[in-house]
Amino acid sequence: GQQLNQSPQSMFIQEGEDVSMNCTSSSIFNTWLWYKQDPGEGPVLLIALYKAGELTSNGRLTAQFGITRKDSFLNISASIPSDVGIYFCAGLNYGGATNKLIFGTGTLLAVQP
Amino acid sequence: ETGVTQSPTHLIKTRGQQVTLRCSSQSGHNTVSWYQQALGQGPQFIFQYYREEENGRGNFPPRFSGLQFPNYSSELNVNALELDDSALYLCATSGQITSTLASDTQYFGPGTRLTVL
């Protein structure tokens, strides 16, 4: 099935460092979403982006909707141990016949105290 | 807590068997989407139900079927199980399908881990 290209695949960082990950698509979306998934749990929505060029923050998280509508990035500042998990981007074209999410391949984040 | 519940949490079946997974929708959400997440992958869209009717389907064979009930809860049925069906099955609920931004956010349940032996 279709998946978005997400990079890096994994990151191993020290507590307090900043993190950046991005997601690219060959097709356009009108909504970009970022989710975090802990082991054995479902994805939890972190940030939703609705307009090309939009920059949105949620606490230490900042995400941007690329101007071409084919990419997005997520930054995490001053990482802490509870940031550990898998981060997924997802594209959505709401308003169509089916509002289905297309997910990225995921970025595994490990934070060492 | 998203308010979306799924049952059972874990399930072990053998090849050829049939399985039914259940999802209870968050209050006020009338759309349910099902996703399959294989180990190490992102979730893949199976299908979506809106007002008790299938409203779009991903690249999954007909042995994957579903139902949505009047209370908006939903079932995913898989017949003739194959080894590759082993995965985490996620349901996500959302509001009415409109162009209203907030109502299109999908909230996920914790998933059902299916193992096919």
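Residues numbered from 1 in each chain as written. Chains lettered and ligands numbered in written order. Predicted model: local features only at pLDDT ≥ 70, side-chain atom pairs only at ≥ 80, totals over all residues. Heavy atoms only, no water.

1. Some remarks on the overall build of chain B
Thinking step 1. From N to C terminus, chain B includes zero helices and 11 strands.
Thinking step 2. Reading the secondary structure of chain B in the N-to-C direction produces β-β-β-β-β-β-β-β-β-β-β.
Thinking step 3. Within chain B, the fraction of its 117 residues that count as buried is 51%.
Thinking step 4. Per element, the accessible surface of chain B, about 5,400 Å² overall, is 49% carbon and sulfur. (Helix = DSSP H or I, 4+ residues; strand = E, 2+ residues; numbered from the N terminus. Buried < 20%, exposed > 50% of the residue type's maximum accessible area, 1.4 Å probe, protein only. Areas by Shrake-Rupley, 256 points an atom, 1.4 Å probe, with all protein chains shown as cover.)

2. Brief notes about the interface of chain A and chain B
Thinking step 1. Taken residue by residue, the interface counts 24 residues in chain A and 23 residues in chain B.
Thinking step 2. Across the interface of chain A and chain B, roughly 1,900 Å² is buried in total on both sides, 54% from carbon and sulfur atoms.
Thinking step 3. Where chain A packs against chain B, one counts zero salt bridges.
Thinking step 4. Inspection of the region where chain A meets chain B yields four residue pairs in polar contact (both at pLDDT 80 or more).
Thinking step 5. Among the secondary structure elements, those contributing two or more residues to the side of chain A that touches chain B are strand 4 (31-37) and strand 9 (85-92) of chain A.
Thinking step 6. Per-class residue counts for the side of chain A that touches chain B are 10 nonpolar, 12 polar and two charged. (Contact = heavy atoms within 4.5 Å. Buried area = accessible area lost by both parts, 1.4 Å probe. Salt bridge = Lys/Arg side-chain N within 4 Å of Asp/Glu carboxyl O. Polar contact = N/O pair within 3.5 Å; in protein donor to acceptor, adjacent residues only side chain to side chain. Nonpolar A, V, L, I, M, F, W, Y, C, P; charged D, E, K, R; others polar.)

3. Looking at the pairing of strand 8 (residues 74-78) of chain B
Residues and elements named next belong to chain B.
Thinking step 1. The buried fraction of strand 8 is high, at five of five residues.
Thinking step 2. Alternating positions in strand 8 separate into two faces, Ser-74, Leu-76 and Val-78 on one and Glu-75 and Asn-77 on the other, with burial throughout.
Thinking step 3. In terms of strand pairing, strand 3 (residues 19-24) meets strand 8 through five bridges, oriented antiparallel. In the sheet register, Arg-22 faces strand 8, and the bridge partner there is Glu-75.
Thinking step 4. As consecutive antiparallel partners, strand 7 (residues 64-68) and strand 8 are separated by five residues, and within that stretch Tyr-72 has a phi angle of approximately 75°, a positive value. (Pairing = 2+ DSSP bridges.)

4. Quick look at the packing of aromatic side chains
Thinking step 1. In total, this model carries 10 aromatic pairs over all chains according to the counting rule given.
Thinking step 2. Their ring planes at 80° and their centres at 5.5 Å tell us that Phe-29 of chain A and Trp-32 of chain A sit as a pair that is edge-to-face.
Thinking step 3. Residue classification places Trp-32 of chain A among the buried positions, given a relative accessible area of 0%.
Thinking step 4. Centroid distance Tyr-35 of chain A to Phe-108 of chain B: 5.4 Å. Interplanar angle 90°. Geometry classified as edge-to-face. Taken together, the residues Tyr-35 of chain A in strand 4 and Phe-108 of chain B in strand 10 (residues 107-108) connect one chain to another.
Thinking step 5. The buried category is assigned to Phe-108 of chain B, whose relative accessible area is 3%.
Thinking step 6. Connected via pairs of aromatic rings, a cluster forms that spans Tyr-35, Phe-88 and Phe-103 of chain A together with Tyr-35, Phe-45 and Phe-108 of chain B. (Phe/Tyr/Trp six-rings, centres within 6.5 Å; stacked < 30°, edge-to-face > 60°.)

5. Things to note about the state of the cysteines
Note on terminology: disulfide describes a covalent bond linking the sulfur atoms of two cysteines.
Thinking step 1. On inspection of all chains with the given rule, the structure shows two disulfides over all chains.
Thinking step 2. Sulfur-sulfur distance for the disulfide between Cys-23 of chain A and Cys-89 of chain A comes to 1.9 Å. What sets the handedness of the Cys-23 of chain A and Cys-89 of chain A disulfide is the S-S torsion sign, and at about 45° it is right-handed. In this pair, Cys-23 of chain A sits in strand 3 (residues 19-24) while Cys-89 of chain A sits in strand 9, placing the two residues 66 residues apart along the sequence. This pair shows no difference in class: Cys-23 of chain A is buried, exactly as Cys-89 of chain A is.
Thinking step 3. A sulfur-sulfur distance of 1.9 Å marks the disulfide that ties Cys-23 of chain B to Cys-91 of chain B. (Disulfide = S-S within 2.5 Å.)

6. Looking at the nonpolar core
Note on soluble globular proteins: their nonpolar side chains tend to be buried together.
Thinking step 1. If you look at the biggest cluster of nonpolar residues, it comprises 22 residues, and the most contacted ones within it are Trp-32, Trp-34, Leu-74 and Leu-109 of chain A.
Thinking step 2. Going through the elements one at a time, strand 2 (10-14), strand 3, strand 4, strand 5 (44-49), strand 7 (61-65), strand 8 (71-76), strand 9 and strand 11 (107-112) of chain A are the ones with two or more residues in this core.
Thinking step 3. Among all residues touching Leu-74 of chain A, those that are not within four sequence positions of it are Val-19, Ser-20, Met-21, Trp-34, Leu-46, Ile-47, Leu-61, Thr-62, Ala-63 and Tyr-87 of chain A.
Thinking step 4. If you look at the next biggest cluster of nonpolar residues, it comprises 19 residues, including Trp-34, Ile-46, Phe-64 and Tyr-89 of chain B. (Core = buried A, V, L, I, M, F, W, Y, C linked by side-chain atoms within 4.5 Å.)

Worth remembering: the numbers are spatial, not functional.
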